[in-house]
Amino acid sequence: MNHVEKSKELFVDQHYHCSQAVFAAFAEELGIPEEQALKIGGCFAGGMRNGEVCGCVTGALMALGLKYGQCDVSDYESREKADQVAIEFMRRFKEENGSYLCRDLLGYDFSKQEDVKKIQETKTYLTICPPLVKSATKILEEFL
């Protein structure tokens with residue numbers, strides 16, 4: 001199963017959050033168990049439940065951090081690389097989807113209770129989010 005199929009399965013079929021689906025689709029090859037990636041990604045959907053940065057983007061940034069992130073205080077090369085790929089990923093996602101903010105992408109804001117009700121009633125996340133999961137996954141593949 002490729003990354004796009006895996007993220008789709010996790011999001012559409014298994015009903016994990018977008019952040020979990022994108023991050024976990026790459027977990028094993030980045031050196032962590034899928035279960036751990038699902039747990040780590042669990043609080044980032046809905047723009048961290050506040051309509052901020054889309055969970056697809058935060059899931060991808062977690063994967064990029066595992067690949068390129070700095071873990072030695074004196075390793076400025078890794079820090080620079082991680083910064084560069086994060087900025088470029090977000091630029092590409094915004095270019096492809098119009099924004100990287102959840103509230104802009106969904107047209108609703110998770111920080112507003114009335115919008116959360118509308119999201120649940122209309123099931124907006126079933127039509128708008130799957131293409132975003134796919135987009136983030138495909139862009140992320142290019143960076144990894």
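Residues numbered from 1 in each chain as written. Predicted model: local features only at pLDDT ≥ 70, side-chain atom pairs only at ≥ 80, totals over all residues. Heavy atoms only, no water.

Some words on the packing of helix 6 (residues 76-97) against helix 10 (residues 129-143)
Here is step 1: Two numbers describe how helix 6 lies on helix 10: the axes approach to 10 Å, and their chain directions differ by 140°. Crossing of helix 6 over helix 10 shows right-handed handedness. Contacts between helix 6 and helix 10 involve Val85, Glu88, Phe89, Arg92, Phe93, Glu96 and Asn97 on the former and, on the latter, Leu132, Ser135, Ala136, Ile139, Leu140, Glu142 and Phe143.
Here is step 2: Taken together, the residues of the contact of helix 6 with helix 10 break down into eight nonpolar, two polar and four charged. (Axes fitted to C-alpha atoms, helices over the stretch in contact; angles between N-to-C directions. Helix = DSSP H or I, 4+ residues; strand = E, 2+ residues; numbered from the N terminus. Left-handed = near helix turned anticlockwise from the far one by under 90°. Contact = heavy atoms within 4.5 Å. Nonpolar A, V, L, I, M, F, W, Y, C, P; charged D, E, K, R; others polar.)

Some words on the pattern of salt bridges
Here is step 1: Scanning the model with the defined rule gives seven salt bridges in all.
Here is step 2: Salt-bridge contacts for glutamate 9 lead to lysine 6; the nearest nitrogen and oxygen are separated by 3.9 Å. Here lysine 6 and glutamate 9 lie together in helix 1 (residues 3-13), a separation of three residues that amounts to about one turn.
Here is step 3: Exposure remark for glutamate 9: the relative accessible area of 21% places this residue in the partly exposed category.
Here is step 4: The closest approach of N and O atoms between glutamate 35 and lysine 39, which form a salt bridge, is 3.9 Å. Of this pair, glutamate 35 and lysine 39 are both found in helix 3 (residues 34-40), four residues apart, which corresponds to roughly one turn of the helix. (Salt bridge = Lys/Arg side-chain N within 4 Å of Asp/Glu carboxyl O. Buried < 20%, exposed > 50% of the residue type's maximum accessible area, 1.4 Å probe, protein only.)

Considering helix 1
Here is step 1: By the burial criterion, the buried members of helix 1 are His3, Val4, Lys6, Ser7, Leu10 and Phe11. Along helix 1, the residues classed as buried sweep out an arc of 165° about the axis, all on the same side.
Here is step 2: Summarising the contacts, the buried residues of helix 1 are in contact with helix 2 (18-24), helix 3, helix 9 (124-127) and helix 10.
Here is step 3: Where helix 1 begins, the capping side chain belongs to asparagine 2, and its oxygen is found 3.0 Å from the backbone nitrogen of valine 4.
Here is step 4: Looking one or two places after helix 1, you find histidine 15, whose phi comes out positive at around 65°. (Arc of directions from axis to C-beta. Polar contact = N/O pair within 3.5 Å; in protein donor to acceptor, adjacent residues only side chain to side chain.)

A look at the packing of aromatic side chains
Here is step 1: A complete count under the given rule lists two aromatic pairs for this structure.
Here is step 2: Their ring planes at 20° and their centres at 6.2 Å tell us that phenylalanine 89 and phenylalanine 93 sit as a pair that is stacked. Highlighted residues: phenylalanine 89 and phenylalanine 93, both in helix 6, separated by four residues, approximately one helical turn. Like phenylalanine 89, the residue phenylalanine 93 is buried in the burial classification.
Here is step 3: The interplanar angle of 65° and the centroid separation of 6.2 Å between the aromatic rings of phenylalanine 89 and phenylalanine 143 together place this pair among those described as edge-to-face. With phenylalanine 89 in helix 6 and phenylalanine 143 in helix 10, this residue pair connects regions lying 54 residues apart in the sequence. Residue phenylalanine 89 shares its accessibility class with phenylalanine 143, and that shared class is buried.
Here is step 4: An aromatic cluster of at least three residues, connected via ring pairs, comprises Phe89, Phe93 and Phe143.
Here is step 5: The aromatic ring of tyrosine 68 is capped on one face by lysine 81, whose charged end is 5.2 Å from the ring centroid. (Phe/Tyr/Trp six-rings, centres within 6.5 Å; stacked < 30°, edge-to-face > 60°. Lys NZ or Arg CZ within 6 Å of the ring centre and 35° of its normal.)

Details of unusual backbone geometry
A negative phi holds for most residues other than glycine; trans holds for most peptide bonds.
Here is step 1: With a phi angle near 65°, histidine 15 is a residue other than glycine that sits in the positive phi range.
Here is step 2: Residue placement: histidine 15 occurs in the loop between helix 1 and helix 2.
Here is step 3: Its relative accessible area of 61% is what places histidine 15 among the exposed residues.
Here is step 4: Positive phi values are uncommon outside glycine, yet lysine 123 reaches one of about 55°.
Here is step 5: Inspection of the secondary structure assignment puts lysine 123 in the loop between helix 8 (113-122) and helix 9.

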